[in-house]
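Here is what each chain is made of, one letter per residue.
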Amino acid sequence: MEIKYELHKIKNAQGTGKSRVFVQLRNKKALTTEDLFREIQDSCTLKVSDVKAVMTEIRDIAIRELSEGKRFYLPEIGYLSLSVSNTPLSRKPNGTITGKDICLRNINFHPEKKMLTELRRKVSFIKSGDSSVSVQYGEEELWGKMKAYLSTHRDITREAMRSEFGLSEYKAKQWAEHFVESGRLKKEGSRHIIYFL
């Protein structure tokens, strides 16, 4: 299965004066809980209610085990473990760290080797045609492009703003709302939103 990626640069990475390139994956939407339960129901004898009960129990056991300082093993998938952080010593007047200075930061996941190997065989990567990084515009520059587009189209959507002007999803929404608030555009719709002069 092909997964889309983008290449991004961090300028002056770690103060070295050099740029560092990193890869960002364009993740698709996750399977919903209900869809997951239905898929499991369709592939075995369990009903959706049984799957829900099992998942709830797994969650409760995971919380108990992790809160006791143990790793939690999901068979054929991998291990969950706690990730913590602490108050820096520089902020401690006596220079010692106690249990009150440590807090839960996150839950780590370490996949089972067999699962990782199987994934490596199934996945491949392809460069994304569009970018989540937005082209930077001044207000009047972008408004000029918007007016030119709307001179030949009845309305514009945020998706059209993304493809026509190289805006990210976030920036397209931000600019569209800005032009509505400033009275340059009118907005219509709630699920499928369009903008017009």
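To be clear, the structure that these remarks concern was listed above.
Residue numbers restart at each chain and count upward from 1, following the sequence in its written direction. Totals for whole chains, interfaces and linings use all residues, but because this is a predicted model, local features are given only for residues with pLDDT of at least 70 and pairs of side-chain atoms are given and counted only at 80 or more. Side-chain numbers come from the whole structure's heavy atoms, not from hydrogens or water.

Chemist: Explanation requested: the packing of aromatic side chains in the structure shown.
Modeler: The description of an aromatic ring pair uses the distance of the two centres, along with the angle that the planes make with each other. Stacked, tilted and edge-to-face pairs are distinguished by plane angle, under 30 degrees for stacked and over 60 for edge-to-face with tilted covering the rest, among Phe, Tyr and Trp rings (Trp via its six-membered ring) whose centres lie within 6.5 Å. Taken as a whole, this structure holds four aromatic pairs when the rule is applied. For the pair Tyr73 and Tyr79, a centre-to-centre distance of 4.7 Å together with 40 degrees between the ring planes defines the contact as tilted. Per-residue accessibility, obtained with a 1.4 Å probe over protein chains only, is compared with the maximum for each type, and a residue is labelled buried under 20%, exposed over 50%, and partly exposed between these values. We classify Tyr73 as partly exposed; its relative accessible area is 31%. Relative to Phe179, the ring of Trp143 lies with its centre 4.9 Å away and its plane at 50 degrees, an arrangement referred to as tilted. One end of the pair, Trp143, is in helix H4 (residues 139–150); the other, Phe179, is in helix H6 (residues 169–181), with 36 residues separating them in the sequence. The helix count covers DSSP runs of H or I at least four residues long, the strand count covers runs of E at least two residues long, and both are numbered beginning at the N terminus.

Chemist: Any chance you could explain helix H5 (residues 158–165) here in plain terms?
Modeler: Given 3.6 residues per turn, any residue in an α-helix points the same way as the ones three and four places further on. For H5, every residue scored as buried is listed here: Ala160, Met161, Arg162 and Phe165. Every residue pair with non-hydrogen atoms within 4.5 Å of one another is taken to be in contact. On its buried face, H5 is in contact with H4 and H6. A positive backbone phi angle near 70 degrees is found at Gly166, which sits one or two residues after H5.

Chemist: Even after reading the chapter, I still don't get the sheet that holds strand E5 (residues 102–111), so can you show me in this structure?
Modeler: Backbone-to-backbone hydrogen bonds pair the strands of a sheet. The strands run either parallel or antiparallel. The pairing criterion is simple: DSSP has to find at least two bridges between the two strands. The strand order E3-E4-E5 describes an open sheet built from three strands, whose pairing is antiparallel. Each having just a single partner strand, strand E3 (72–74) and E5 make up the two edges of the open sheet. Taking the axes of each pair of neighbouring strands and ignoring which way they run, one obtains an average angle of 30 degrees across the sheet. When E3 meets strand E4 (residues 78–86), the two strands line up antiparallel, connected through three bridges. Note that in E4 the partner of Tyr73 across the bridge is Tyr79. Here an axis means a line fitted to C-alpha atoms, over the contact stretch when the element is a helix, while the angle between two N-to-C directions is reported on a 0 to 180 degree scale.

Chemist: Sorry if this is basic, but what is going on with the layout of surface pockets here?
Modeler: Over the atoms, a rolling probe the size of a water molecule traces out where space has been left empty. Points on a 1 Å grid over protein atoms alone make up a cavity when a 1.4 Å probe fits among them but cannot get out, and a pocket when they form an open set with protein on both sides within 12 Å along at least five of seven lines; lining residues each have an atom within 4 Å of a point. Grid points are joined across faces, edges and corners, and a volume is the space filled by probe spheres set on the points. Taken as a whole, the largest pocket holds about 270 Å³ of empty space. In this structure, the largest pocket is lined by Met1, Ile3, Glu76, Lys114, Met115, Glu118, Leu119, Lys122 and Val123. When residues in the lining of the largest pocket are grouped by element, the largest group, five residues, is from helix H3 (residues 113–122). For the lining of the largest pocket, the per-class residue count stands at five nonpolar, no polar and four charged. Each residue receives one of three labels: charged for Asp, Glu, Lys and Arg, nonpolar for Ala, Val, Leu, Ile, Met, Phe, Trp, Tyr, Cys and Pro, and polar for the others, Gly being one of them.

Chemist: Before we go on, may I ask you to explain the nonpolar core in this structure?
Modeler: General note: in soluble globular proteins, nonpolar side chains tend to be found buried as a group. Definition of nonpolar core: a set of buried residues of the types Ala, Val, Leu, Ile, Met, Phe, Trp, Tyr and Cys, connected through side-chain atoms within 4.5 Å. With 18 residues, the main nonpolar core has Leu142, Met146, Ile156, Met161, Phe165 and Leu167 as its most contacted residues. Among the secondary structure elements, those contributing two or more residues to this core are H4, H5 and H6. Counting residues per element, this core draws most heavily on H4, at five residues. Not counting residues up to four positions away in its chain, the partners in contact with Ile156 are Met146, Tyr149, Leu150, Met161, Phe165, Ile194 and Tyr195.

Read these as geometric descriptors, not functional statements.
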